[in-house]
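In case you want the letters, here they are:
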Amino acid sequence: MDLKIKGRLALVTGSTQGIGRAIAETLIREGARVIVNGRNATRLNDVVRVLARGGEVHGIAADLATAEGASQLVEAVAAIG
């Protein structure tokens, strides 16, 4: 499948397991640069390590249920570009 997203930056929240992780994996396979997010830093680092085998991936640990976590995510994404 060619989603025509090669080189584009995608943010997938809740991406350390389940559907979110599957979406991140698909985007990586399609050539996108991917930012994965989750609340658990250990699990997030494990996912980043695995996905990095297929392409560019960044991990941001933040709880989006809080204003502080949402702000952290926005700032980190802006820094990545």
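Here is a short report on the structure shown in this document.

Parameters and conventions
Residues numbered from 1 in each chain as written. Predicted model: local features only at pLDDT ≥ 70, side-chain atom pairs only at ≥ 80, totals over all residues. Heavy atoms only, no water. Axes fitted to C-alpha atoms, helices over the stretch in contact; angles between N-to-C directions. Helix = DSSP H or I, 4+ residues; strand = E, 2+ residues; numbered from the N terminus. Parallel < 35°, antiparallel > 145°, perpendicular 65-115°, else oblique. Left-handed = near helix turned anticlockwise from the far one by under 90°. Contact = heavy atoms within 4.5 Å. Nonpolar A, V, L, I, M, F, W, Y, C, P; charged D, E, K, R; others polar. Pairing = 2+ DSSP bridges. Core = buried A, V, L, I, M, F, W, Y, C linked by side-chain atoms within 4.5 Å. Buried < 20%, exposed > 50% of the residue type's maximum accessible area, 1.4 Å probe, protein only. Salt bridge = Lys/Arg side-chain N within 4 Å of Asp/Glu carboxyl O.

Describing the packing of helix α1 (residues 18-29) against helix α2 (residues 41-51)
Thought 1: Look at α1 against α2: their axes get within 11 Å of each other, and the N-to-C directions meet at 25 degrees. For the element pair α1 / α2, the angle class is roughly parallel. Handedness of the α1/α2 crossing: right-handed. Contact residues: α1 offers Arg21, Ala24, Glu25 and Ile28, while α2 offers Val47, Val50 and Leu51.
Thought 2: Its residues assigned to classes, the contact of α1 with α2 comprises 5 nonpolar, no polar and 2 charged.

Structural notes on the sheet that holds strand β1 (residues 9-12)
Thought 1: The sheet built from 3 strands is open, its strands ordered β1-β2-β3 with parallel pairing. At either end of the open sheet lies a strand with only one pairing partner, and these are β1 and β3 (57-61). Direction aside, the axes of adjacent strands within the sheet are offset by 20 degrees on average.
Thought 2: Judged from the 4 bridges that link them, β1 and strand β2 (residues 33-38) form a sheet pairing that is parallel. Following the sheet pairing, Val12 is matched in β2 by Val36.
Thought 3: Against the sheet, helix α3 (residues 67-80) contacts β1, β2 and β3, and its axis sits at roughly 160 degrees relative to β3.

Topic: the nonpolar core
In a soluble, globular protein the nonpolar side chains are often hidden away together inside.
Thought 1: Grouped together as the largest cluster of nonpolar side chains are 14 residues, with contacts concentrated most on Ala24, Leu27, Val34, Val36, Leu51 and Val57.
Thought 2: Elements that contribute at least two residues to this core include exactly β1, α1, β2 and α2.
Thought 3: In contact with Val36, other than residues within four places in its own chain, are Val12, Ser15, Ala24, Leu44, Val48, Leu51, Val57, His58, Gly59 and Ile60.

Here we look at the pairing of β3
Thought 1: Sheet topology places β2 next to β3; 5 bridges connect them, and they run parallel. Paired with Val36 across the bridge in β3 is Gly59.

A word on the pattern of salt bridges
Thought 1: This structure, assessed with the given rule, holds 4 salt bridges.
Thought 2: For Lys4, the salt bridge is made with Asp2, and the minimal N-O distance between the two is 3.9 Å.
Thought 3: You can call Lys4 exposed: its relative accessible area is 68%.
Thought 4: Among the salt bridges present, the one from Arg33 reaches Glu56, with a minimum N-O distance of 3.2 Å. Separated by 23 residues along the polypeptide, Arg33 in strand β2 and Glu56 in the loop between α2 and β3 bring together distant segments of the chain.
Thought 5: Given the relative accessible area of 35%, Glu56 is considered partly exposed.

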